[in-house]
Amino acid sequence: MRYYVKDKLIPLNKGETPAEGLVVVECLSSSEYKKRYEKTLHVDLLTRSLGNVEFCKADVLRNCIVGTFVIPCKEDLLEKESGFGYYMDKERLLFVDDNHIVEKMLEEICQIQVLPKTYVAHVFFEFMEYLTRDDVIFLQQYEEKLEDMEEGLSNSDTRDFNKKLLKCRRELLKLNAYYQQLMDLSDTLSENQNRLFNREDCRLFTFYTKRVERFYDTTHMLREYSMQLREMYQSQIDIHQNKVMQFLTVVTTIFMPLTLIAGWYGMNFANMPELNTKYGYGIIILVSILVTGIEIWYFKIKKWFK
């Protein structure tokens, strides 16, 4: 799919050639990219990167920039992600994508975006803006998700809590790394080492860096929030264990005098007078009940049953 830029992205028909001086945006497969630009340095560099796409980056060459994007899927942060490459010079912006993901993005950008400038840098900036367009809402919803988990924890609902929290922490770690990569990529572009952009273009990428930095700070804050939730969960576990231990201690303490009585009169020495007493059995029962009652009364005063 090919576009030219004139206030917005405008699709090019097959065989149509844009006017001279207009920026061209195009989606290519990796095989088409290799065939068209074979034996050039950027092909080798980008091909190696596409062989194992792991993060977002920008490699600055003499008269162009190549790099990759890895975009996590908001619906499934741990499993799904989209990887593709790009090539950019003063007149062209090429996306190298075998999964047709960028084509869908460009179709949407074509319908909603209006570009005040028609330079490559502005088009690329708008594309990067598109990647993070809904992230404010997404992070707000993620914060609400953690708040719901905290509320459930306050209500002593700890079912699968540790499993859910571990998943959240892994997701936030992945988002944190994603925003860090976007910041590094945008910083590299704003440094403009090969003089591909003008001063206004560099300001755009500096602005984008600051914006993504806020997303990075938010995910960092959410990670700290998840750590606090983990500490709260551990406190709930400790409180529950303390209550169990307190209950077992009370039960043990109640039966200790009864065990002593049973052990004492279980010795069966020949000269124990209680063994021949007519009411000895009943007296021992009454003594046991009395001792148990006194202990329970004492524990209630000390509020050990709460």
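Residues numbered from 1 in each chain as written. Predicted model: local features only at pLDDT ≥ 70, side-chain atom pairs only at ≥ 80, totals over all residues. Heavy atoms only, no water.

Looking at the sheet that holds strand β7 (residues 92–96)
For clarity, the cut-off: We treat two strands as partners when DSSP finds at least two bridges between them. Put simply, DSSP H or I for four residues or longer makes a helix, DSSP E for two residues or longer makes a strand, and each gets a number counted from the N terminus. Each axis is a line fitted through C-alpha atoms, taken for helices only over the stretch in contact, and angles between the N-to-C directions span 0 to 180 degrees. In what follows, residue pairs with any heavy atoms lying within 4.5 Å of each other are defined as contacts.
In spatial order, the strands read β2-β1-β3-β7-β6-β5-β4; together these 7 strands make up an open sheet with mixed pairing. At either margin of the open sheet sits one strand with a lone partner, and together these are β2 (9–11) and β4 (57–60). In this sheet, adjacent strand axes meet at a mean angle of 20° when their direction is disregarded. In this fold helix α2 (residues 41–51) packs onto β4, β5 (65–72), β6 (81–88) and β7, with an angle of close to 15° to the strand it touches most, β5. Across the face of the sheet, helix α6 (residues 161–191) comes into contact with β4, β5 and β6 while running at roughly 160° to β5.

Some words on the environment of M149
This is how the line gets drawn: Only protein chains enter the accessibility calculation, which uses a 1.4 Å probe; a residue whose area is less than 20% of its type maximum is buried, one above 50% is exposed, and one in between is partly exposed.
In this structure, M149 sits in helix α5 (residues 135–154). On the basis of relative accessibility, which here comes to 11%, the residue M149 falls in the buried class. Separated by 80 residues in the primary sequence, M149 and L229 place their C-alpha atoms 8.2 Å from one another. Contacts of M149, omitting those with residues within four sequence positions, involve F161, K164, L165, C168 and L229.

Observations concerning the UniProt feature "transmembrane region" (unreviewed entry) in the chain
Short version of the rule: UniProt positions are given in the numbering used here, feature names are shortened, and annotations may be inferred rather than shown by experiment.
Those places that UniProt annotates as "transmembrane region" (unreviewed entry) correspond, in this numbering, to residues 247–267 and 279–299. The span residues 247–267 shows a helical share of 90% and a strand share of 0%, and its end C-alpha atoms are spaced 31 Å apart.

Remarks on the side chain of T219
To keep things clear, this is the line we draw: Two N or O atoms form a polar contact when they lie within 3.5 Å of each other; inside protein one atom must be a possible hydrogen donor and the other a possible acceptor, and for residues adjacent in sequence the pair counts only when both atoms belong to side chains.
Tracing the backbone shows T219 in helix α7 (residues 199–265). Within polar-contact distance, the side chain of T219 engages the side chain of N176 at 2.8 Å. Setting aside anything within four residues of it in sequence, one finds T219 in contact with L139, L175, N176 and Y179.

A word on the nonpolar core
Keep this limit in mind: Take the buried residues of types Ala, Val, Leu, Ile, Met, Phe, Trp, Tyr and Cys, join any two whose side-chain atoms come within 4.5 Å, and each joined set is a nonpolar core.
Core analysis: the largest hydrophobic core is formed by 60 residues, its most contacted members being F69, F95 and F124. When residues in this core are grouped by element, the largest group, 11 residues, is from α6. Core analysis: the next-biggest nonpolar cluster, separate from the first, contains 12 residues, L45, L61, L94 and V96 among them.

Thoughts on empty space enclosed by the protein
Put simply, the rule reads: Cavity and pocket criteria rest on a 1 Å grid covering protein atoms alone: a 1.4 Å probe that fits but cannot get out defines a cavity, protein on both sides within 12 Å along at least 5 of 7 lines defines an open pocket, and an atom within 4 Å of a point defines a lining residue. Grid points are joined across faces, edges and corners, and a volume is the space filled by probe spheres set on the points. In the scheme used here, Gly and all other residues not listed as nonpolar or charged are polar, with Ala, Val, Leu, Ile, Met, Phe, Trp, Tyr, Cys and Pro taken as nonpolar and Asp, Glu, Lys and Arg as charged.
Under the criterion given, the structure shown has 1 cavity of 30 Å³ or more. As for the largest cavity, its lining consists of 10 residues, of which L9, I109, V123, E126 and F127 are closest to the centre. Looking at the lining of the largest cavity, the elements that each hand over two or more residues are β7, α3 (101–112) and α4 (120–131). The leading source of residues in the lining of the largest cavity is α4, at 3 residues. Split into classes, the residues belonging to the lining of the largest cavity amount to 9 nonpolar, no polar and 1 charged.

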